[in-house]
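Structural description and commentary
Here's the letter readout for the chains.
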Amino acid sequence: AQKITQTQPGMFVQEKEAVTLDCTYDTSDPSYGLFWYKQPSSGEMIFLIYQGSYDQQNATEGRYSLNFQKARKSANLVISASQLGDSAMYFCAMREVNAGNNRKLIWGLGTSLAVNP
Amino acid sequence: DTEVTQTPKHLVMGMTNKKSLKCEQHMGHRAMYWYKQKAKKPPELMFVYSYEKLSINESVPSRFSPECPNSSLLNLHLHALQPEDSALYLCASSPIKDSMNTEAFFGQGTRLTVV
């Protein structure tokens, strides 16, 4: 069965520093997609970045980059130059295609990031 | 316009009440989702609609009744809820493409409290 593991329940980082949020996954499918979402206290789930299993390069979106190590089955999120507004819950998720060809997201437990001024 | 709109933002209801949550998107997405999320937990998938037809029901109790009247609207009808149903209810939509990179766009959620 597919699984996402986020081992850091909580993280602290100083403003303007970089931080890495860990995510490992387990799947036997050769084709999969990995997503990172940010959820502030307001509740909205905000898509940050995507990495496909066949992508040759690590994904980047502004201050967000994904350190994708396929052999180790890890997809860590790197946030550069942290800002106070980055304080939020961060979820790693993997897209699963089930027997009915329905696409579902498998979620990790999340990492709560606090950015200190 | 990349927005999913949910109403209401907050809802308090008694265990004998009937209420509905509404979700709307105008991005042309043909897949829509309901999730339930408890505090500090990941979202739990409840229902998926594809082309306005229910394609996934994650064994959700019948006191939750979804409805997709058209391609832009998704409702969740609530009846005889229990206090443990208090949670953040998130709606999401995504395109239906034969690829893995179809991310879901989420609304801001409805914070439901059952008293």
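Check the entry above for the structure.
As a starting point, this report considers the structure included with it.

A closer look at the overall build of chain A
Within chain A, the regular secondary structure consists of 0 helices and 12 strands. For chain A, the α and β elements follow one another from N to C terminus as β-β-β-β-β-β-β-β-β-β-β-β. The C-alpha atoms of chain A give a radius of gyration of 14 Å, which matches the 13 Å a tight globule of 117 residues would have. Along the first, second and third principal axes, the C-alpha set of chain A runs to 45 × 30 × 20 Å.

Considerations on the interface of chain B and chain A
Between chain B and chain A, the residue contacts involve 26 residues of the former and 25 residues of the latter. Buried area between chain B and chain A, summed over both chains or domains, comes out near 2,000 Å², and the portion from carbon and sulfur atoms is 55%. Joining chain B to chain A, the criterion identifies 1 salt bridge. For Lys104 of chain A, the salt bridge is made with Glu58 of chain B, and the minimal N-O distance between the two is 3.3 Å. For the pair chain B and chain A, the number of links is 4 residue pairs in polar contact (both at pLDDT 80 or more).

Overview of the state of the cysteines
All names here are of chain A. Counted under the stated rule, the structure contains 2 disulfides over all chains. Through a disulfide, Cys23 is tied to Cys92; the S-S separation comes to 2.0 Å. One disulfide, between Cys23 and Cys92, carries an S-S torsion of -60° and so falls in the left-handed class. Of this pair, Cys23 sits in the loop between strand 3 (19-21) and strand 4 (24-26) while Cys92 sits in strand 10 (residues 88-97); the two residues are 69 residues apart in sequence, bridging distant segments of the chain.

A short note on the sheet that holds strand 8 (residues 73-79) of chain B
All names here are of chain B. The 4 strands are arranged 1-3-8-7 in an open sheet whose pairing can be described as antiparallel. A strand with exactly one partner marks an edge of an open sheet, and here the two such strands are strand 1 (4-7) and strand 7 (64-70). Between one strand axis and the next, the sheet turns through 20° on average, direction left out of account. Inspection of the sheet shows strand 1 paired to strand 3 (residues 18-25) by 4 bridges, in the antiparallel sense. In the strand pairing of strand 3, Thr7 is matched with Lys22.

Focus on the layout of surface pockets
One water molecule sets the probe size; rolling that probe over the atoms shows where empty space is left. Approximately 380 Å³ is the volume found for the largest pocket. Gln39 of chain A together with Lys38, Ala39, Lys40 and Arg111 of chain B are, among the 17 residues lining the largest pocket, the residues nearest its centre. Counting residues per element, the ones that place at least two in the lining of the largest pocket are strand 10 of chain A together with strand 9 (87-94) of chain B. The element best represented in the lining of the largest pocket is strand 10 of chain A, accounting for 3 residues. In terms of residue class, the lining of the largest pocket is made up of 7 nonpolar, 6 polar and 4 charged.

Focus: unusual backbone geometry
Residues and elements named next belong to chain B. The omega torsion across Thr7 and Pro8 is -10°, close enough to zero to call that bond cis. Summarising the element assignment, Pro8 is placed in the loop between strand 1 and strand 2 (10-13). Here the phi dihedral of Glu52 falls at roughly 65°; this positive angle occurs in a residue that is not glycine. Inspection of the secondary structure assignment puts Glu52 in the loop between strand 5 (44-50) and strand 6 (53-57). A relative accessible area of 27% places Glu52 in the partly exposed class. Even without being a glycine, Ser59 presents a positive backbone phi close to 55°. Here Ser59 shows up in the loop between strand 6 and strand 7.

Focus on the nonpolar core
For soluble globular proteins, the rule of thumb is that nonpolar side chains tend to be buried together. Formed by 26 residues in total, the largest nonpolar core has its most connected members in Ile4, Leu34, Trp36, Ile49, Leu77, Tyr90 and Leu113 of chain A. Those elements that provide at least two residues to this core are strand 2 (10-14), strand 3, strand 5 (33-39), strand 6 (46-52), strand 8 (64-69), strand 9 (74-79), strand 10 and strand 12 (111-116) of chain A. A per-element tally of this core places strand 10 of chain A first, with 4 residues. With residues near it in sequence (within four places) discarded, Tyr90 of chain A still touches Gln6, Leu21, Trp36, Tyr37, Lys38, Leu48, Leu77, Ile79, Gly110, Thr111 and Leu113 of chain A. Grouped together as the second largest cluster of nonpolar side chains are 23 residues, Met32, Cys68, Leu76 and Cys91 of chain B included.

Conventions used here
- Residues numbered from 1 in each chain as written.
- Chains lettered and ligands numbered in written order.
- Predicted model: local features only at pLDDT ≥ 70, side-chain atom pairs only at ≥ 80, totals over all residues.
- Heavy atoms only, no water.
- Helix = DSSP H or I, 4+ residues; strand = E, 2+ residues; numbered from the N terminus.
- Rg over C-alpha atoms; globule rule 2.2 N^0.38 Å.
- Contact = heavy atoms within 4.5 Å.
- Buried area = accessible area lost by both parts, 1.4 Å probe.
- Salt bridge = Lys/Arg side-chain N within 4 Å of Asp/Glu carboxyl O.
- Polar contact = N/O pair within 3.5 Å; in protein donor to acceptor, adjacent residues only side chain to side chain.
- Disulfide = S-S within 2.5 Å.
- Pairing = 2+ DSSP bridges.
- Axes fitted to C-alpha atoms, helices over the stretch in contact; angles between N-to-C directions.
- 1 Å grid on protein atoms, 1.4 Å probe; cavity = no way out; pocket = protein on both sides within 12 Å on 5 of 7 lines; lining within 4 Å.
- Points joined across faces, edges and corners; volume = space filled by probe spheres on them.
- Nonpolar A, V, L, I, M, F, W, Y, C, P; charged D, E, K, R; others polar.
- Buried < 20%, exposed > 50% of the residue type's maximum accessible area, 1.4 Å probe, protein only.
- Core = buried A, V, L, I, M, F, W, Y, C linked by side-chain atoms within 4.5 Å.

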